[in-house]
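Survey of secondary and tertiary structure
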Amino acid sequence: MYRTALRNVLAHKARLLMTTLAVLLGTAFVAGTLVFTDTLGSAMKSQNAKSYTDIAVTVSDPESARSIYGSGGTDSSAPVLTEDVRRKIAALPGAADARGVVSGFAGIADQHGRLIGDGFSTTGTNYVPGPDGSDARYPLVEGRGPTGSGEVALDSRTAQKGGFKVGDTVRVAVNGPVMQLKLTGIVHTNDPRVSAGGSLAAFDTATAQSLYLSPGRFSEVDIRSRPGTDDAALLTQVKGALPAGNDFSAQTGRQLAQDQDKMIAEATKGMSQALLVFAGISLFVGIFIIANTFTMLVAQRTRELALLRAVGASRKQITRSVLAEAVLIGAIASVAGLLAGTGIAAGLQWLLISAMDTGLPDGPLVIAPATVLTAVGTGVLVTVLAAWLPARRASRISPVAAMSSGDQPATQKSLLLRNAIGAVLALAGLGALAAGSASKATGLVAAGAGVVLLGVFVLTPLLSRPLIALFTPLLRRLYGMPGKLARENALRNPRRTAATASALTIGVTLITGLTVIGASVNQAVDKASATDLTADYTVAMANFSVLSSDVGTQIAKAPGVSASSVQRSVSVRVGDDTKWLTGVNADTIGSLVKLKMQEGSADALKHGQLLVSQGGDPGTQDLKLGDTLAVTYPDGTAGRLTVGGVLASDSGLTGTLAPDALIAPHSKPAAGAVGAAGAMAGLDKVLVKGEHGPSAQLKQALTDATGGNPLITVKSQQDLRDESRQMITSMLNIMYGLLGMSVVVAVLGVVNTMAMSVFERRREIGMLRAIGLDRRGVRRTVRLESLLISLLGGVLGIGLGVLIAWAANGLLRSSLPGLELVVPPLQLAGFLLAAAVIGLLAALWPARRAARLDILDSIKAA
Amino acid sequence: MTMTATAVHAAAGATGLSKVYGEGETRVVALDQVTVEFRRGEFTAIMGPSGSGKSTLMHCMAGLDTATSGSTRIGGTELVGLPDKALTKLRRDQIGFVFQAFNLLPTLNALENITLPMDIAGRKVDQAWLDRVVDTVGLSGRLTHRPSQLSGGQQQRVACARALASRPEIVFADEPTGNLDSRSGGEILSFLRNSVRELGQTVVMVTHDPVAASYADRVIFLADGRLVDELTMPTADSVLDRMRRFDAKGRTS
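Residues numbered from 1 in each chain as written. Chains lettered and ligands numbered in written order. Predicted model: local features only at pLDDT ≥ 70, side-chain atom pairs only at ≥ 80, totals over all residues. Heavy atoms only, no water.

1. Description of the overall build of chain A
Counted only if it meets this: Working definition: helices are DSSP H or I runs of at least four residues, strands are E runs of at least two. Numbering for both runs from the N terminus. When a residue's accessible area, from a 1.4 Å probe over protein chains only, is under 20% of the maximum for its type it is buried; when over 50% it is exposed; and in between it is partly exposed. What makes two residues a contact is simply this: any of their non-hydrogen atoms within 4.5 Å. Using a 1.4 Å probe, accessible areas were evaluated by the Shrake-Rupley method; residue-level cover was limited to the displayed protein chains. His is not counted here, nor are the chain ends, while Lys and Arg score as positive and Asp and Glu score as negative. Charge positions come from single atoms, namely NZ of Lys, CZ of Arg, CG of Asp or CD of Glu.
The helix and strand tally for chain A stands at 26 helices and 22 strands. When its C-alpha atoms are laid out on the principal axes, chain A stretches across 100 × 70 × 50 Å. Split into buried and exposed, the 862 residues of chain A put 51% on the buried side. Considering only intrachain contacts with a sequence separation of at least 6, the fraction spanning at least 24 residues in chain A is 81%. For chain A, the accessible surface area stands at approximately 37,000 Å², while carbon and sulfur atoms represent 61% of it. Side-chain charges in chain A split into 78 positive and 60 negative, and the spacing between the mean points of these groups amounts to 19 Å.

This is the structure:
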């Protein structure tokens, strides 16, 4: 029997081509994803391992990072990492040396004042010269290390981007005014943050400390061990040398590298899982095609299979022989897919690393055994699963069918049961969607969407008739007889038409859903910014760290500014809890943001009172009008604040608002053990209204007021809206690209169905040609049928996509008030048009084949 | 001027028609210099043992196959050298076909199948003629049935009606009774004969059944690609006799 299976595969090579391609694409996607993420992960790990090779033990002070990035250092009593601590560690018997590290962010302006690199990965650190005057961690490419407060060294990539040479003056900014520094050296670095698109500025240690922390304080101390010292033993020594009551984290370099490896593995796993979802969608689409192919093959081979039964093959043998074909095809396609996927991964790596210079680390391709198993296993499993039903059907062919005439029986099994199941599924799914959307239950919506999709797939044969009828008047008018024949052909086997269309429906549904959600979110964001934010400009840091407090005063004084307000986050202690206050300018905030009140008046701010939101902090009791709060400020002073108003939930600004004049003086944390920690306490953003609305002049004035700091961004409402739009657009584009694969697979399905239909109907085609249908008419008939099938898939997909987007919008409404369903008609019409074009393209080859059929051969065909 | 004279009488004809398949050792001469005419308003049967070239003759005459040399005509139109498009149009407008396996479109009902050639041409149906044809084949009550709801004989009657519905110059029938039982076959043959006698059509039928041939006005015999004999007003017996002589000759030679 297995020989029969092999012979069948060989005999039907051409007819199995599309099926093989469908499986191939799906497995290529799977294999490509796995190979690419494994490769990336391994490259990152090896890069990571390099950066920790010379560190035996590292001690870091989490408090330092908090104060630098302004995320609120409040515990000022804990000890910090000082030069004393570093010296003590360096003197340990196992330590060769201990390097004090200061790290923060530093924006570097290019010749036009623009920030080099991306705002999030700008890095600033200290340069630690060794006995020979150079720092081994940052090998000099050119020049020398920085030695004074007016000097800086840059990494070579940044220097190149900015066009800087040693001796040039470089504009460097932290969070205040820009510093003009002399470039003394260009260094090399392996820091992944820098190679991933950031920049590195190295200062001498004292300068770095005063910029980021306070003199004599470090973020981190890295210790090298003496030869023969065990890392773990050194760690114990180091821990013993640390001051009591610290909350430092001390780890061996190996431990740190392992932790990083774990994080990298998590990150690449997340990425691979996200991509595998799309690969899964492609494979799912493939199932429809495989099932269709095997159904058609079994139908075409009815007599042959019956003959096998007649000469004594058992039902099981028939099933097994069909499944053996599936295994064979699955295996061939999967192995090819594995190769193709590896190729894709290699191409992607080249594209991202060499062509686009994204700074991702390079490394050899990793083809893990798990990848091979997963790709081939999935490919074979999917093929066999899809062939299961057709194989079962094949076994039910009665031996008598071998003796019947060549004419295929036109009888079709009733769709009654199928329709009933479909209706139940679709209704249940709809119910779940509606209920989930109303109650904001994500799981219910997801399940509902899946069940509705399934229900519609089951119902598609039923739906195909009215939907195809929708397009027929047009077809008949435009194309006459071929139009009518196309319609009849599309309807003659509703199951086949449905399966082919459904493959396309999946992709169109997801694409439409995403598009509608994107359009809805865009509109909601536009509306919110238009109604809630009345400020003309928002000034903030590019890396979301805090602005220096001075920026607020400078902007208030800038020419053309009619009103401005800071937005400052200050954490206060209320009993044992921490509460965040937002300091705003009591006099102007009302003209910059629409404050909608539920109770009380916004003017309460002017009287030194708080405005609060309700239901904001889960677990804590809501504050009511008139409540009084006993707070302890970061500087240790105590105060009493009264609630003077309650903000409505759709207010333009929510949270706990306080007059900035009242809380700003207390926002700097109290002096710690050494120096004033939290010198960086500052502003989240500054809102500005111009005397004459937004203008280029005002924008320039604001930029000037901030001292041209490249890290500070001045954005108009339009900029903010564009930014959000752009983010949504680029996210959609990535999704479209990933879903594109499933559409390609669906197109293969259309090609496959049309080619097989042409083969099955070659006798009819021969007759039509004989009685006078010309080649063009034949081509047209095939093309129009394909068009109808694709349009069916497109229409269903667009409908389902809008439905699912509607349900998803219900979920998003809690985080985006005012979100309404926006159905972009042009884009959806575009998708339908694309489906039509896909249908026509998919039919090109089958239509050509149909038109070229030899009349006499076709008529005589069995 | 003789050409014009014959064209008036002949619905179709071939002169020196040859058809050769293959080359060298595999060369097979299917038709060898056949010259024949099918007169208008006549029911002609083409007979001959299998491999005699009778089907090839019909296919070449009907524009389904191309001749190697010689000429074929339908009405006044020379087929040789005609491009595919013109051939298609000629088949659509001037030729009717009846095939052995009924060759109906399963998706269309009986009436739609009958009017298919006109629908393809985008021509209006001559309703009076159509009614007459439908009436003659006795399908009046079954016009909305699909082929799968009709018996083999009924399907073949639909095919005959389709061949006649566009009032072609000539109808070619290729073993029209090959797939039918003798009763249904008889009905079809009577119908073809009636279409000649009552509707004035021209029918050429390929068959190997002497009984079927006996319905024709004239039988021409082919053997080894050559026209070897002709009978007018045949009976089943006279045709059978003629066939036996071929067999005997085949055995002795």
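Moving on, there is more to tell.
2. Things to note about the side chain of Thr497 of chain A
Among the structural elements, Thr497 of chain A can be located in helix H16 (residues 494-532). Of the residues examined, Thr497 of chain A reaches a relative accessible area of 3% and is grouped as buried.

3. A few points about the environment of Ser549 of chain A
Residues and elements named next belong to chain A. Spelled out, the test is: Polar contact is defined as a pair of N or O atoms within 3.5 Å, subject to the rule that within protein one atom must be able to donate a hydrogen and the other to accept it, and that residues adjacent in sequence are counted only when both atoms are side-chain atoms.
Inspection of the secondary structure assignment puts Ser549 in helix H17 (residues 549-557). C-alpha separation for the pair Ser549 and Thr53, spaced 496 residues apart in sequence, amounts to 40 Å. Only 3.1 Å separates the side chain of Ser549 from the side chain of Arg568, close enough to count as a polar contact.

4. What to know about the nonpolar core
We apply this condition: Joining through side-chain atoms within 4.5 Å is the link that ties buried Ala, Val, Leu, Ile, Met, Phe, Trp, Tyr and Cys residues into a set, and such a set is a nonpolar core.
With 141 residues, the main nonpolar core has Phe38, Leu57, Phe97, Ile170 and Phe172 of chain B as its most contacted residues. Per-element accounting of this core gives the leading share, 16 residues, to helix H23 (residues 775-812) of chain A. Other than its neighbours up to four places away in sequence, Phe172 of chain B contacts Met58, Met61, Ala62, Ile74, Ile95, Gly96, Phe97, Val98 and Val204 of chain B. Within the second largest apolar cluster, 58 residues are counted, among which are Val57, Ala95, Ala159 and Val238 of chain A.

5. Here we look at the interface of chain B and chain A
So the rule is basically this: Computed with a 1.4 Å rolling probe, the buried area is the accessible surface lost when two parts are put together, summed over both parts. Salt bridge, as applied in this entry: a Lys or Arg side-chain nitrogen positioned within 4 Å of an Asp or Glu carboxyl oxygen. By the convention adopted, Pro, Cys, Tyr, Trp, Phe, Met, Ile, Leu, Val and Ala count as nonpolar, Lys, Arg, Asp and Glu as charged, and the other residues, Gly among them, as polar.
With 25 residues of chain B at the interface, the matching set in chain A holds 22 residues. Together, the buried faces of chain B and chain A total about 2,200 Å²; carbon and sulfur atoms form 67% of this surface. Between chain B and chain A we count 3 salt bridges in total. We note a salt bridge from Glu112 of chain B to Lys484 of chain A, for which the minimum N-O separation is 2.7 Å. Linking chain B to chain A there are 6 residue pairs in polar contact (both at pLDDT 80 or more). Residue assignment for the side of chain B that touches chain A shows that the elements contributing at least two residues are helix H3 (84-94) and helix H5 (116-121) of chain B. Tallying contributions element by element places H3 of chain B first for the side of chain B that touches chain A, with 5 residues. Of the residues that constitute the side of chain B that touches chain A, the class distribution is 11 nonpolar, 5 polar and 9 charged.

6. Describing the packing of helix H14 (residues 442-479) of chain A against helix H15 (residues 481-492) of chain A
All names here are of chain A. Using the following cut-off: Lines fitted to the C-alpha atoms define the axes, with helices restricted to the stretch that makes contact. Angles between their N-to-C directions range from 0 to 180 degrees. Relative orientations are named as follows: roughly parallel for angles under 35 degrees, roughly antiparallel for angles over 145 degrees, roughly perpendicular for angles from 65 to 115 degrees, and oblique for any other angle. We call a crossing left-handed when the near helix sits turned anticlockwise from the far one by less than a right angle, and right-handed when that turn is clockwise.
Packing of H14 against H15 brings their axes to within 7 Å, and their N-to-C directions diverge by 165°. Put simply, H14 runs roughly antiparallel to H15. For the pair H14 and H15, the sense of crossing is right-handed. Counting all contacts with H14, which are made through Ser464, Arg465, Ile468, Ala469, Thr472, Leu475, Arg476 and Tyr479, the residues of H15 involved are Met481, Pro482, Gly483, Lys484, Arg487, Ala490 and Leu491. Residue composition of the contact of H14 with H15, grouped by class: 8 nonpolar, 3 polar and 4 charged.

7. Some words on the pattern of salt bridges
Residue and element names in this part refer to chain A. Across all of its chains, the model carries 42 salt bridges over all chains by this definition. In this structure, Arg496 engages Glu760 in a salt bridge whose closest nitrogen and oxygen atoms are separated by 2.9 Å. Pair noted here: Arg496 is in helix H16 and Glu760 is in helix H21 (residues 717-760), with a separation of 264 residues, a long-range link.

8. A word on the domain arrangement of chain A
For clarity, the cut-off: The split of the chain into domains comes from an automatic or database domain assignment.
Taken domain by domain, chain A holds domain 1 (54-252), domain 2 (468-532 + 717-862) and domain 3 (544-710). Here the C-alpha centroids of domain 1 of chain A and domain 2 of chain A sit 57 Å apart.

9. Overview of the sheet that holds strand E3 (residues 43-47) of chain B
All names here are of chain B. Note the threshold: The rule for pairing is simple: two strands pair if DSSP sees at least two bridges between them.
Pairing is mixed in the open sheet, where 6 strands are placed in the order E6-E7-E8-E3-E9-E10. Among the strands making up the open sheet, the edge pair consists of strand E6 (95-98) and strand E10 (226-232). The sheet shows a mean angle of 20° between the axes of neighbouring strands, direction not considered. Bridge count for strand E9 (residues 218-223) against E10 is 6 bridges, and the pairing is antiparallel. When the bridges of E10 are listed, Ile220 appears paired with Glu230. Where helix H2 (residues 54-61) meets the sheet, its contacts fall on E3, strand E7 (170-174), strand E8 (203-206) and E9, and the angle it forms with E7 comes to roughly 150°.

10. Re empty space enclosed by the protein
Residue and element names in this part refer to chain A. Put simply, the rule reads: Both site types are read off a 1 Å grid over the protein atoms alone. A 1.4 Å probe that fits but cannot get out defines a cavity, while an open set with protein on both sides within 12 Å along at least five of seven lines defines a pocket; lining residues have an atom within 4 Å of a point. Grid points are joined across faces, edges and corners, and a volume is the space filled by probe spheres set on the points.
The final tally for this structure, using the stated rule, is 7 cavities of 30 Å³ or more. For the second largest cavity, the calculated volume is near 170 Å³. Lining of the second largest cavity is provided by 17 residues; of these, Asn489, Arg761, Ile765, Thr781 and Val782 occupy positions nearest its centre. Where the lining of the second largest cavity is concerned, the elements lending two or more residues are H15, H21, helix H22 (762-770) and H23. Broken down by element, the lining of the second largest cavity gets its largest block of residues, 4 residues, from H23.

11. Remarks on the sheet that holds strand E1 (residues 10-21) of chain B
Residue and element names in this part refer to chain B. Strand order across the open sheet formed by 4 strands is E2-E1-E4-E5, with antiparallel pairing between neighbours. Bordering the open sheet on either side are strand E2 (28-39) and strand E5 (77-78), each of which pairs with just one other strand. Both E1 and E2 contribute to a ladder of 8 bridges, which runs antiparallel. Within E2, the residue paired with Tyr21 across the bridge is Val28. The strands that H2 touches are E1, E2 and strand E4 (69-74); relative to E1, the one it contacts most, it runs at about 120°.

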